[in-house]
Amino acid sequence: MPLAFKRSQRLSIGTEIELQLVDIESYDLTDKADRVVTDLDDKKRIKHELTKSMVELNSSVHSDIDPLHDELRELTTRIRRSAQSFGCDICGGGRHLSNDWRKQVISDAQRYQQLASRFGYLSKLACVFGQHIHIGVNDGDEAMYLCHALTPYFPHFIALSASSPLYQGVDTLFASSRFSAQNSFPNYGCLEQIYSWDQFNDYYERLIAAGVIDSIKDIYWDARPKPELGTVELRICDTPLHISHAALLVGYCRLLAAFLLARRTEITPEYYAFTNYNKINAYRSGFAADYVDPATLRRSSLTAHMLTTLAALRADAHDRHTHGLLDKVEHYVRQGVNDSDKIRRMLNNGLPQKQVIARLCDELLQPVS
């Protein structure tokens, strides 16, 4: 039976943020999510994730960034207070700095237990932390269009959110190493060459019939339709170190989506090699990455591509609030320093990893410096 797509208010926004749960003394990941989630008893907005060292907050649906930011701060404050009552704390970042994957405990929910049974050690390796951004659309065709239209801008979000420079205590030399824990799963990464909701339904039904997937949740594209919510879900971001920065990413994504929907053009199929090239460069080098425009084959820096995009968005901006948001994103891009750079700077200045993580906990609710 074809999947129904719920109609949403176009450009409504929401986000999911996966937070690290760390012991207050060792600052290692700790499997106390059951206690925190039960204590807070907010089933719609505070949830379990794949392992018991993760807590996920889910925002409500909003039409503006400011109330979204306020809600994220309120939820994060509640989660932190609860965590501290159980001898732990929370922080951002796409990976724990020294997490031993073997020590992770899979959450009790049936879906997570099934994933662990099917994928074995990969499930524990996938104890990484991301931010998912939801943009409301009117129908499934619009969702598929926006998934493809956003693809050339994935490196923007990788560079803007990069916060996972270490793996098991070792510098990976990547701005964002989180992707390496997930790219072994089926149906991960680039979306298929599917351009309409009817085509997506055909794809979905064939995979279900063959037993390749059990539900739409088994499709892990970087951007995917969420028919039950009426949104496009962007899944490529690391969890930022600051909640205010997470809200900024949602605002930037919304402005970009509005721009792309207002100038809707036919999507031209492109080789995955271009998308993967631009993504891996952004994962590796952040703002310093090279970027290739697949339409023109023109090579530039990622920073130059981002500044060109921001200029185009600014030309369409007609209110002070939008200009203010673009100013913040542009300042971040021109500064050229992401969260991974900040973590490395602390470590290079001699701060022990435990103290770095303690500082990240304290900075989560602070404004971006």
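This one's a predicted model, so the numbers in the text were calculated from it and none came from an experiment.

With that settled, consider the packing of aromatic side chains. Following the criterion strictly, the structure yields twelve aromatic pairs and no others. Between the aromatic rings of Phe179 and Tyr283, the centroid separation amounts to 4.1 Å while the plane-to-plane angle is 10 degrees, which identifies the pairing as stacked. Separated by 104 residues along the polypeptide, Phe179 in the loop between strand E7 (170-171) and strand E8 (188-189) and Tyr283 in helix H9 (residues 272-285) bring together distant segments of the chain. For the pair Phe179 and Tyr283, one class covers both residues: buried. Centre to centre, the rings of Trp197 and Phe200 are 4.8 Å apart; their planes meet at 10 degrees, and the pair counts as stacked. You can see Trp197 and its partner Phe200 sitting in helix H7 (residues 197-210), three residues apart, about one turn around the helix. Exposure remark for Phe200: the relative accessible area of 1% places this residue in the buried category. The residue whose ring lies beneath Arg264 is Tyr145, and the NZ or CZ to ring-centre distance is 4.5 Å.

This part is about the packing of helix H6 (residues 154-161) against helix H10 (residues 302-316). Closest axis-to-axis distance for the H6/H10 pair is 10 Å, and the angle between their directions is 110 degrees. Taken as axis vectors, H6 and H10 run roughly perpendicular relative to one another. Listed contacts from H10 to Pro155, His156, Ala159 and Leu160 of H6 are Leu302, His305, Met306 and Thr309. By residue class, the composition of the contact of H6 with H10 is five nonpolar, three polar and no charged.

Right, let's talk about the side chain of Arg80 for a bit. Among the secondary structure elements, Arg80 is positioned in helix H2 (residues 65-85). Side chain to side chain, Arg80 and Asp89 meet in a polar contact 2.8 Å long.

Okay, helix H3 (residues 110-119) next. Regarding H3, the residues found buried are Tyr112, Leu115, Ala116 and Phe119. In a view along the axis of H3, the buried residues occupy a sector of 100 degrees, so they form one face of it. Projecting away from the buried face of H3 at angles above 90 degrees are the exposed residues Gln110 and Ser117. Taken together, the buried residues of H3 touch strand E2 (46-48), helix H4 (121-125) and strand E9 (220-221). Gly120 sits one or two residues past H3 and shows a positive phi near 55 degrees.

Counting buried positions along strand E11 (residues 231-238) yields eight of eight residues, so the element is predominantly enclosed. Strand direction decides the pairing type here: strand E10 (residues 223-226) and E11, joined by four bridges, are antiparallel. Residue Arg224 lies in a different strand from E11, and its bridge partner there is Glu233. Following E10, the chain reverses through four residues before pairing antiparallel with E11; Gly230 in that reversal takes a positive phi of roughly 75 degrees.

Using the criterion set out here, one finds three cavities of 30 Å³ or more in the structure. Within this model, the largest cavity holds a volume of roughly 70 Å³. Lining the largest cavity we find Arg178, Phe179, Gln182, Tyr188, Tyr220, Trp221, Asp222, Arg235, Ile236 and Tyr283. Secondary structure elements with two or more residues in the lining of the largest cavity: E9 and E11. Tallied by class, the residues present in the lining of the largest cavity amount to six nonpolar, one polar and three charged. As a volume, the second largest cavity reaches approximately 50 Å³. In terms of lining, the second largest cavity is formed by Gln20, Cys91, Gly92, Gly93, Arg95, His96, Leu97, Ser163, Leu241, Ile343, Ile357 and Leu360.

Between helix H5 (residues 140-150) and helix H8 (residues 243-262), the shortest axis-to-axis distance is 10 Å and the interhelical angle comes to 110 degrees. In terms of axis orientation, H5 runs roughly perpendicular to H8. Considering only the axes of H5 and H8, their crossing is right-handed. For the pair H5 and H8, contact is made by Glu142, Tyr145, Leu146, Ala149 and Leu150 and by Leu256, Ala257, Leu260 and Leu261, respectively. The residue makeup of the contact of H5 with H8, split by class, is eight nonpolar, no polar and one charged.

How each quantity is defined
- The residue count restarts for each chain, going from 1 along the sequence in the order it is written.
- Only residues with pLDDT of at least 70 are given local features in this predicted model, and only at 80 or more are side-chain atom pairs given and counted; all residues enter the totals for whole chains, interfaces and linings.
- Water and hydrogen atoms play no part in the side-chain values, which are based on all heavy atoms of the structure.
- Classification of ring pairs uses Phe, Tyr and Trp, with its six-membered ring standing for Trp, and accepts pairs whose centres are within 6.5 Å; under 30 degrees between planes counts as stacked, over 60 as edge-to-face, and the remaining range as tilted.
- Helix and strand definitions follow DSSP, with helices as H or I runs of at least four residues and strands as E runs of at least two, each counted in order from the N terminus.
- Here the term buried applies to any residue with accessible area under 20% of the maximum for its type, exposed to any over 50%, and partly exposed to those in between, with areas from a 1.4 Å probe on protein chains only.
- Think of it as a cone above the ring: NZ of Lys or CZ of Arg counts as a charge over the ring if it is within 6 Å of the ring centre and within 35 degrees of the ring normal.
- Working convention: axes come from line fits to C-alpha atoms, limited for helices to the stretch in contact. Angles between N-to-C directions cover 0 to 180 degrees.
- Angle categories: roughly parallel below 35 degrees, roughly antiparallel above 145, roughly perpendicular from 65 to 115, and oblique for all the rest.
- Pairs of residues are marked as contacts when any of their non-hydrogen atoms sit within 4.5 Å.
- Classification convention: Asp, Glu, Lys, Arg as charged; Ala, Val, Leu, Ile, Met, Phe, Trp, Tyr, Cys, Pro as nonpolar; all other residues, Gly among them, as polar.
- A 3.5 Å cut-off defines polar contacts: any pair of N or O atoms within that distance qualifies, except that in protein one atom must be a possible hydrogen donor and the other a possible acceptor, and neighbouring residues in sequence count only when both atoms are side-chain atoms.
- Along the arc lie the directions from the helix axis toward the C-beta atoms.
- Two strands make a pair as long as DSSP finds a minimum of two bridges between them.
- Here a cavity denotes grid points, spaced 1 Å and computed from the protein atoms alone, that fit a 1.4 Å probe unable to get out, and a pocket denotes an open set having protein on both sides within 12 Å along at least 5 of 7 lines; residues with an atom within 4 Å of a point are the lining.
- Grid points are joined across faces, edges and corners, and a volume is the space filled by probe spheres set on the points.
- If you view the pair so one helix is near and one far, a crossing is left-handed when the near helix is turned anticlockwise from the far one by less than a right angle, and right-handed when it is turned clockwise.

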